[in-house]
Each structure stands twice: as structure tokens, then as C-alpha cells.
Amino acid sequence: MKITRWPVLRQVRGQDHLGRGAAVTSAGSAHLSARTASADRVVQSVCPYCAVGCGQRVYVKGERVVHIEGDPDSPVSRGRLCPKGSASLQLTTGAARRYEVLYRAPHATDWTTMDLDTAMDMVADRVIETRRKTFAWQEDGVRVRRTMGIASLGGATLDNEENYLMKKLYTALGVVQVENQARI
Amino acid sequence: MGTSFGRGGATTFLQDLQHADCIVIQGSNMAECHPVGFQWVMEAKARGATVIHVDPRFTRTSALADVHVPIRAGSDIAFLGGIVRYVIEHERYFRDYLVDFTNAATIVREDLLDTEDLDGVFSGLEEGVRTYDPRSWEYEGHHVQASAGAREQPHAAHRGASRSGRAHSYGSGGPPVDPRVHRDETLAHPRCVFQIVKRHFSRYTPEMVEQICGVPEEQFLDVCETLCENSGRDRTSAIAYAVGWTQHNVGVQVIRTAAILQLLLGNIGRPGGGIMALRGHSSIQGSTDIPTLYDLLPGYIPMPHAHHDEDLDAFIEGASADKGYWGEMRSYVVSLLKSWWGDAAHRDNDYCFDYLPRVTGDHSTYPTVMAQLDGTCKGYFIVGENPAVGSANAKMQRLGMASLDWLVVRDFSLIESATWWKDGPEIESGELCTHDIATEVFFFPAAAHTEKNGSFTNTQRLLQWHHAAVEPAGTARSELHFYAHLGRIIKEKLAGSTDEMDRPILDLVWDYPTEGRIAEPSAEAVLREVNGWNADGEPLGSYTELKDDGSTRCGCWIYCGCTANGVNQTARRRPGHVQSWVAPEWGWAWPSNRRILYNRASADREGRPWSARKALVWWDADEGRWRGHDVPDFMATTPPDYVPPQGARAAAALAGDDAFIMQADGKGWLYAPAGLSDGPLPTHYEPQDSPVPNLLYTQQRNPVREMLVHPHNRSHPSGTEPGAEVFPYVLTTFRLTEHHTAGGMSRWQPYLSELQPEMFCEVSPELAGERGLAHGGWATIVTARGAIEARVLVTDRLAPLRCAGRTIHQIALPWHWGPNGTATGDAANELVGISLDPNSHIQGDKAFTGDIRPGRRPRGAGVRDLVEGYIRRAGITEHTGTEVRPRR
Ligand code: SF4
């Protein structure tokens, strides 16, 4: 490489004094294009970690999420993401995610896989049965119309619409022990 | 916040922090835990604001602040109470604001006895049931409505066995009070709130603050003076806090102390002022507004307690207010019941009010674990949470799960709460054996935020819609999918049942349209139900349109307006840079898109801004309406000098200077005559486990803290109690930028795991020397609940403090880890005992005690032996730390 092509020289002598653009390109990188440039579409989203609620742009190519970055339009975050928000591509597309329903029978030493419909049906049966066995019309002579046999935990990482369905369904079932991270 | 101001949410929004002249960050490491929000603190600093960080640790927040004040964990009320005293003694309060907008002038009953009279407790303490009877705390003559007062307590049959679950809901909504209150606007009456507050905090002197908090007097006085100088007509100060305040068994009262301070200084409802609650999960505000919480219905309506013959009228009578917007509660409740039970709900059957299950005490997460252990609770859903390492006393969480018949876990990865039966610490120690565990476990893979439509409500009450980018792969599904279909299947299975217990399910409105290959329910349809409709099926525009005659439906009244005009307002994305600094067209904030709550108080009694520099909303006499930069948090056309007619009720009873429109007297509450379980004013008590005695009173601990007595949940001797020396150090927990809560969304991510790969503890060089701990080596930390190991980080960030005449060492523990995932380590929650705030039922895990020793912890059964050795040496029994009043 010619000395005049050294990035540090180009940075000092050229227009790109911060070394964020032209000064730091190379023959190799000149052929690269950003994943954002070739995406099929960009979807507006919100960081799923903390409650600052930074705006995100989600880039999709071939029906796969290929990149997530901060949304400069957001008046709250102005395009920034912290390390967690920046890692949300790994959260959503990483190898640690599970895509199968797993079932552990009583006393079993390992999981078996299960199809979704069977599992949903089994859970519905258990809710119905436990509710029937533990339903109480009264406690200490006062009407309660509920079951203390079932409980639920979680909600602070979920959407408002999801929390709404949870509270509505649980309440209709008579389940009162419904809690989330607001107290953790 | 709710008790003091009327609504359970941050009073301001992050961007407005830039207008503050001083920002106090306490109970939060904002630069590391809410990094992107912290840019607004830096904007304020660039404009000349003074930033003060009060925290046991020197963190990046401290590094960027003007002042760092190291403090002993668990002494926040003493510190803030000291500032309250300073402001009052030196007459630095904002008198006009105080008289016009707070209850400072209100006269309180004669039979109130303060902690000054009773050595650390208030009148009404019922020792046998660890409860206060709050009647003597009420306003003179016009007490809190009798039926409301009774409603604060569970039915008599349940008292003693369990606690009131009601206070939290009042805490979020403002309890009902009779509007006709006695006032003395000279603030001289010995029983006016101002004088009571003055007397209550009179012993919180700078010398006392130094002794309790370990903050040198001079530094403390500097903080007081800075805050006072930057408050008043032309200047405002903001306070930001996070779980460093809430996670104590006096957490609600810590926040109350900050509220008192901000009301005294006139900093609520004004630009650059307020209290910014910094929440840790993407929609933790949303999951309180639309509560997956046992004691609330959507919009902070209390869950009904069990009472004899209580119908809808009796419930409303007891829980609503005569004055203010809680006076309209019947409209909110009827509209909710209509959206749940549709045509089945009508006037003749009380709109199915009887379908609501009743609460009889505290049914929050820790009592639920006790119910699992005793076999009452048999089935458990865990949805995006990881209690096996993320909840206090993690062992009890796992043992509770091992007692279940069935467990459903929904998450991205195999978190500890899904696999404890196979590889949890109790399997290793031999306390549990996989073969013997009868619990049936289902693991459902969850969809990510990029794979579903929906809204999160962020820390500033802002609803922001996120759009699905792709469909989830495999059988991963959203919770919307899971619950919509589970409800459908249950309804199908119960179809035709004639059993009365099934009626609420059979009648439930549950017809959500689905779309696409995986039959994903429409989140927009759910949001439209949350917003509600009028009788013609048109979307409602505001909660003021709700009716109590069954003609409107609304799933959450405070969210009413989020789909006004049929437009998903939460999905609005008008770029911030083309809007004003308020950016009202980005998303939608509850209530009614107001960004700064109680902003009527940004103008004086006559409706003029307190100063040009701090103008926000004002009365426009020409147009006959309130106008401003933000949506006015007031009746749009009610003039500032309006006096309601005799007999007016609910919202119509609010006067033109009643800036706190949710409050039953229209005022911000320095003093809480109702709504709190542990006193009308905050009082410093030592944490459940503390190395020092309470220097202010002989009352060591919050007398009405909630205790769960269990062999795995023993407390430590404290202060001068024999055995306290066995656990000589203060332990506190904290969070890192690179991990999220109990790690379910971060410990499996390679980038984040590489940045923070393992569990560690922060100790000072002095403590390292005292205990022979080597930087980079291992240490074992022990409490009566458990023992964990961690890498040692010796750092000046955690300086020893001088408190109560001795040196106090603090040990800081990040709490993200557990045995599963990419970055593994022991969970700090193995160490934490369960002692709860009686209002919020939140555990105290920010300040407790323990011991530290060099080297790794024992393996197998050795951990139990180690812990039991400590318990014996400290002489701990089931009675340790459970007293209501100290023995004299
Ligand atoms: S990017 Fe960071 S600061 Fe922003 S919401 Fe996500 S976790 Fe919070």
C-alpha cells in the first residue's frame, strides 16, 4: 500500500477528520455494503430490555431479521442503543433460542419434545381440572368465587395487549394469584 | 407516588430532565442501568445543571455527576428526611405553591400520635396482627369515608391471618377523602399538616444524618443548599430513582419522602422538576397499568376484597371518592365489566360484578410461594420471568416449584426456572432428587418483540407500538397467541357446562380475530378493546366520555384515547426533530397524552406561569381555556378562580386551584391521611438485617413489615442484638449495563456474556485486607439463607463509611447470574431473605447483612452445613427479627 493510502494520513489530510468514512475505507471494504442497504424492508420497533424504550429499526431480508439499530427519529433515544439494545439481534436470532415445546413428565429425568397443539390441550385440561378441584365459593363464610390452586408470574417484559388477555382470562377463571416483576 | 400525587407513574418524562437546574439521582445507577435515558441528564448538565448522585457505590453515574455522596444502603429515609428538615427549619420551602397546591394547611385529627410521641411508631398499632388501624391519621372532622376506611382492611374474618392488599391500589390511585376539609392557610395551627411534618422530622438533624447514613455533615449540607438554591419560582430540581428505593421493606415510604421534599420545594408538575421513576423492564409500567397484579384491575381500580353481601354499589361507595376523578369510578368499573362480559353484563345483574373473584389478603408472589410449599397452589405459569434465580430467597422459589402438580414456563431459552428439577442447586446438594419430583413441566418457546405486534409502556408512561418484522420460527409463539388460544380451548372444553362456577368463562367476550399461518391474534383488536367504544361502536376519545350506564366499554380507562379516532395512537412516529421538545406525536402517553402530570401546578393560583423560564401550561382568559406546551392535566375550560357549587361531586367538585385532580381533596399530599399501611409519614427504620441500631428510636425495624416465617427464611440479629457480629457487613445488590435482571435475556447472548462473563463482588481495599480477599480471587458470601461464591473485585468504588461510631463495610453484588446460559455464576438471590414492604409487598434486597470469607464455597451438602454453622453461631431461631415492638 502506498503511504498516501494510510488511513491515518487520509484522516488528517482529507475531509474525514473523525475517521468515520472515506478515510478508513480500504480496497476490501469499498466493496462491502451495509446490511441495512440491501434489506427488503425496515420495521419500526422498541427495545425489549429496559423501560427507557429506545426506538429500534429492524431490517428484514428474505423474511429474516438481519440487523437491528437505533431509530434516530425517537425523541426519547435519538438513535442510541446501549449494549443490551445493540445485542437484540442476538437475542432474537441467536443460537440460544428454543423453537420446540418441551415436556417433562412427573418423575422423568429428561425432556421430551411435544407438538404445540397437544401441549396447549394438556395445559387447558390441567387448568380446568385444578380449578375444579380447588374452586372455593366462600372463605370463612364470605363469598370469594375463586381458586387458590393456580398462580401466574410475569408480565413486565410483555406487551400491554398480552397483559390484558392474561388478566382478563385469569380473572374469569377465578385465579387471583397473578403477579409480575413490578414487585421484584 | 400514587398516594402523594394521585397516579402511580413517573410525574415527568426523560426528555424534560434537560430543563432541570439540579438533578438528584438516588437509588439508581442511571448511567449504567438506563444509559440512553441518561443522555437527558447530560443535556441538563451541559446547560449548567448540578447533578448529585447519592449511592453506596461510585459508578459511572457518580463519575459524570458533579457530586457523589456515598451513603449506607438502607438509610435513604434518614437522608431525605434530613433534607426535609433543612428545608423547613431554614424556611426554604415554596410557600405559595405549598399553601395552594398541597395539603400543608389541612388540619389533622386530635388523636393522631406521631413517632415523636410513641418512640418510633404511630397511633393505631395493633401488635398482635402487625397492622395499623389508620383511623387516627385522618383529617379533622371529615375523615376518610367510613366505608373506604373499612375497605382498606380485609374482612374481619381474615385479619391477622393475612394482610390488607388494598393499600397498594390506593397507593396508585389516591384514596378517597371527604372534600370538605379544615384548613389553616397561615400554617400555624399545631395540628395542620405542615406543623406535623415539621415536628416529625425535627430529629433528622445533620448530625443524625451523618451518624445514620455515613454522610459527613458538611457534604450533606451542601446537597441541601444546592437543592434549595435550584428550586422556587424560577428554578426547578428533579429527582430520579429506581429499585434502589423500592426494594426495601420501607420502599414506598422512601419514595414518599422524596414526594414530600418535591412538594415543599414546589417541584411537581413543572418543567425540569418532578420525580422520575426509572423502571427496569420494557413494559413494567404497562404491566402495572394493565396489571398482572393480584390487587388491581386495569387502571388502578382495586380488586374487590371479600365482604358480606357486597354488590357493585357498595364496592363503588367504598372505593371511590366524592371529589376528583376517582369520583367517576363507577363509569370506569362498569365499562370494564362490559368489555369483559359484554351483553351478559347488564344493570339487572350488576354488570356481572359478582363474576370478579375476591381477595382476602396478600396474594402476591411470596405468599404464593408459601402456598406452593403448603400444597394449596398446584399449578403455576411463569411467563418471561425467572424466579428460580431472580426472586429473593431463590431456594424457596425452587422448593415451591418442586411442590407443584404442574408448571408452565414460557421463555426464549431454558432458564433456571425451567430446569431446576434436573440441574438446580438442590439436586447438586442432594436436598432434592429428580426421580422424586412429581411436578409436570411444560416449556413453551416464546416469540420475540420482532415477531409480534404490540405496545410497551415505557418508564415515562409512554405507549409505543412495535411492529412484527417476521413470523416466529418453529412453535415459538407470542403470549398473545398462547393466552388467546388457551382461553379459546378452555371455553370450548367447558361449552355446555351448567355449573355456575363456569359462567364467567362461558360469558367472557373472547372473539379476537386471528391472522396468518400461525393464527396470530390481532394485537390491534385487543388494543381497540382496551381503548373502548361508545354505544354506536365508535372508538372513545377520552376517559371523560365513559358512562356508568353500560353504554360504553373500555378495558382500561387510563388508556382510553390510545386508539382515538380509530387510529393506533401508540404507533405514531413523527420524528422527534420535527416536533417540539414535548414531541406529543411520538407514541401516546397516559393519561390523555399528557407528558408532565399535575402540570396545572406549573402556573400559580391565578393561572400564570410561576416564571417565564418555567412556563408549561397557563390559563388563556381570552380563549377561556388552559393552553401550553403540554396537554393540560386539568379540566380544559375550568378557570383558575373557579369555586364549585355546594354539593358538587367527583370531577365537578374540583376547584380551579385543585392541581392534583385524582386526589380526593385536589391537593398533593405531604401527609397521607389514608392509603398507607405503615404510617402517614415516612420514618427511618433499619433494614430487616442491619449492623447498626436505629439511632432515632428504640423501634429498630418497620413494625408492620410483612414477614414470612419459614426455616429457609431466617433473619439475622441486628444492631446491638447478640449474634449480629456474625454477619458484620452490609450487602447490597446492583445491576450492570450488559445484563438484564435475572439474565434470561442476556446471559445467553455471546456479546453480552463476553462483556460481563461471571459473577463477582465489589469490596473495598480495607475490607479485602480485613478478610484476606485477593483481587481476582474467589470469595464466599454467607447469610442465614444461603452461601454463594463470586470473584473478588477490590475497588475504591466502595469506600467504608463511619456510621454509629464504627466503620461499616459494604459489599456489592450484581444479581444477574445463575447456573444456566453462556455466562454463569451463583445467584445473589440465594442470600436474600424475604421481608416485605406492607404497602407494595416488595422485598427488601437492597440492604441486608452477611459475612464474606476467602475461597470458593463448598460443594454438595457442604453449603447447607456452612450456612447452618452460621445460624448456630448467631443463635438464630424462628423468632429472630420477627418482633413488632422491641422488648424493653
Ligand atoms: S437500548 Fe439500553 S437503554 Fe435503551 S431501552 Fe434498550 S436496554 Fe434500555
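For the structure given in this document, a descriptive report is provided here. (Residues numbered from 1 in each chain as written. Chains lettered and ligands numbered in written order. Predicted model: local features only at pLDDT ≥ 70, side-chain atom pairs only at ≥ 80, totals over all residues. Heavy atoms only, no water.)

**Overview of the pairing of strand β11 (residues 406-411) of chain B**
All names here are of chain B. Of all six residues in β11, six are buried; the element is thus mostly enclosed. Burial along β11 is two-sided: the residues W406, V408 and R410 and L407, V409 and D411 are all buried. In this sheet, β11 lies alongside strand β10 (residues 379-383) in parallel orientation, the contact comprising five bridges. Directly across from V383, in β11, lies its bridge partner R410. Where β11 meets strand β12 (residues 440-445), six bridges bridge the pair, whose relative direction is parallel. Across the sheet, V409 pairs through a bridge with F443, a residue of β12. (Buried < 20%, exposed > 50% of the residue type's maximum accessible area, 1.4 Å probe, protein only. Helix = DSSP H or I, 4+ residues; strand = E, 2+ residues; numbered from the N terminus. Pairing = 2+ DSSP bridges.)

**What to know about the packing of helix α17 (residues 365-373) of chain B against helix α19 (residues 394-402) of chain B**
Residue and element names in this part refer to chain B. The N-to-C vectors of α17 and α19 enclose an angle of 45°; their axes lie 8 Å apart at closest approach. With respect to α19, the axis of α17 lies oblique. α17 and α19 meet at a crossing whose hand is left-handed. Of the residues in α19, those touching α17 at Y366, V369, M370, Q372 and L373 are M396, Q397, L399, G400 and M401. Here the contact of α17 with α19 is built from residues that sort into seven nonpolar, three polar and no charged. (Axes fitted to C-alpha atoms, helices over the stretch in contact; angles between N-to-C directions. Parallel < 35°, antiparallel > 145°, perpendicular 65-115°, else oblique. Left-handed = near helix turned anticlockwise from the far one by under 90°. Contact = heavy atoms within 4.5 Å. Nonpolar A, V, L, I, M, F, W, Y, C, P; charged D, E, K, R; others polar.)

**Regarding helix α13 (residues 251-264) of chain B**
Note: α-helices contain 3.6 residues per turn, so residues at a spacing of three or four share the same orientation. Residues and elements named next belong to chain B. Taking 1.5 Å per residue, 14 residues should reach 20 Å; α13 reaches 20 Å between its end C-alpha atoms and fits that length. Burial analysis of α13 places 14 of its 14 residues in the buried class, which makes it a mostly covered element. A positive phi of about 70° marks G266, the residue just after α13. (Expected span 1.5 Å × (residues − 1).)

**A few points about unusual backbone geometry**
Residues and elements named next belong to chain B. With omega at -10°, the peptide bond leading from W590 into P591 counts as cis. Considering the arrangement of structural elements, one finds P591 in the loop between β17 (588-589) and β18 (617-620). In the Ramachandran plot, E91 falls in the positive-phi region, its phi being about 50° despite a non-glycine side chain. Within the secondary structure, E91 sits in the loop between α5 (76-89) and α6 (95-101). For E91, a relative accessible area of 60% translates into the label exposed.

**Digging into the interface of chain B and chain A**
Taken residue by residue, the interface counts 170 residues in chain B and 116 residues in chain A. For the pairing of chain B and chain A, the buried interface totals around 12,500 Å² over both sides, and the portion due to carbon and sulfur atoms is 63%. Summed over the three residues of chain B that lose the most area to chain A, namely B:T292, B:E385 and B:M501, the buried surface amounts to 6% of that side. Scanning the region where chain B abuts chain A turns up 83 residue pairs in polar contact (both at pLDDT 80 or more). Considering every element that reaches the side of chain B that touches chain A, the biggest residue donor is helix α22 (residues 479-494) of chain B, with 13 residues. Split into classes, the residues belonging to the side of chain B that touches chain A amount to 85 nonpolar, 62 polar and 23 charged. In this sheet, β12(B) lies alongside strand β4 (residues 101-104) of chain A in antiparallel orientation, the contact comprising three bridges. Bridging across to β12(B), A:L102 finds its partner in B:F443. (Buried area = accessible area lost by both parts, 1.4 Å probe. Polar contact = N/O pair within 3.5 Å; in protein donor to acceptor, adjacent residues only side chain to side chain.)

**Focus: the packing of aromatic side chains**
Here the structure, examined in full by the defined rule, presents 44 aromatic pairs over all chains. For the ring pair B:W326 and B:Y332, a centre distance of 6.0 Å and an interplane angle of 75° mean the geometry is edge-to-face. B:Y332 sits in the buried class, given a relative accessible area of 2%. Among the aromatic residues, ring-to-ring pairing joins A:Y103, A:Y170, B:F381, B:W406, B:F442, B:F444, B:F482 and B:Y483 into one connected group. (Phe/Tyr/Trp six-rings, centres within 6.5 Å; stacked < 30°, edge-to-face > 60°.)

**Looking at the packing of helix α5 (residues 160-173) of chain A against α22(B)**
For the pair α5(A) and α22(B), interaxial distance at closest approach is 8 Å and the crossing angle is 25°. Regarding the angle of α5(A) to α22(B), the classification is roughly parallel. Like other packed secondary-structure pairs, α5(A) and α22(B) cross with a definite hand, here left-handed. Between α5(A) and α22(B), the contacting residues are A:E161, A:E162, A:L165, A:M166, A:L169, A:Y170 and A:L173 on the first element and B:E479, B:L480, B:Y483, B:A484, B:L486, B:G487 and B:I490 on the second. In terms of residue class, the contact of α5(A) with α22(B) is made up of ten nonpolar, one polar and three charged.

**Let's talk about the sheet that holds strand β2 (residues 55-61) of chain A**
Residues and elements named next belong to chain A. Strand order in this open sheet of three strands is β1-β2-β3, and the pairing throughout is antiparallel. Among the strands making up the open sheet, the edge pair consists of β1 (41-46) and β3 (64-70). Each neighbouring strand pair of the sheet contributes to a mean axis angle of 30°, computed without reference to strand direction. Pairing between β2 and β3: six bridges, direction antiparallel. By the bridge assignment for β3, Y59 is matched with H67.

**Things to note about empty space enclosed by the protein**
Within the structure shown, the criterion is met by eleven cavities of 30 Å³ or more. Approximately 360 Å³ is the volume attributed to the second largest cavity. Lining the second largest cavity are 30 residues, with A:T157, B:G384, B:E385, B:D411 and B:M745 positioned closest to its centre. Residue assignment for the lining of the second largest cavity shows that the elements contributing at least two residues are α18 (387-390) and β11 of chain B. In the lining of the second largest cavity, the residues fall into 13 nonpolar, twelve polar and five charged. (1 Å grid on protein atoms, 1.4 Å probe; cavity = no way out; pocket = protein on both sides within 12 Å on 5 of 7 lines; lining within 4 Å. Points joined across faces, edges and corners; volume = space filled by probe spheres on them.)

**Examining the nonpolar core**
Residues B:F79, B:I83 and B:L264 are the most contacted members of the largest nonpolar core, which totals 125 residues. If you look at the next biggest cluster of nonpolar residues, it comprises 105 residues, including A:V127, A:L158, B:L297 and B:A319. (Core = buried A, V, L, I, M, F, W, Y, C linked by side-chain atoms within 4.5 Å.)

**What about the state of the cysteines?**
By definition, a disulfide links the sulfur atoms of two cysteines through a covalent bond. Residue and element names in this part refer to chain B. Applying the stated rule across the entire model yields zero disulfides over all chains. In this structure C22 is not part of a disulfide, and its nearest cysteine sulfur, from C228, lies 9.8 Å away. Among the residues examined, C22 registers a relative accessible area of 0% and is labelled buried. Its sulfur unpaired, C224 is 6.6 Å from the next cysteine sulfur, which belongs to C228. (Disulfide = S-S within 2.5 Å.)

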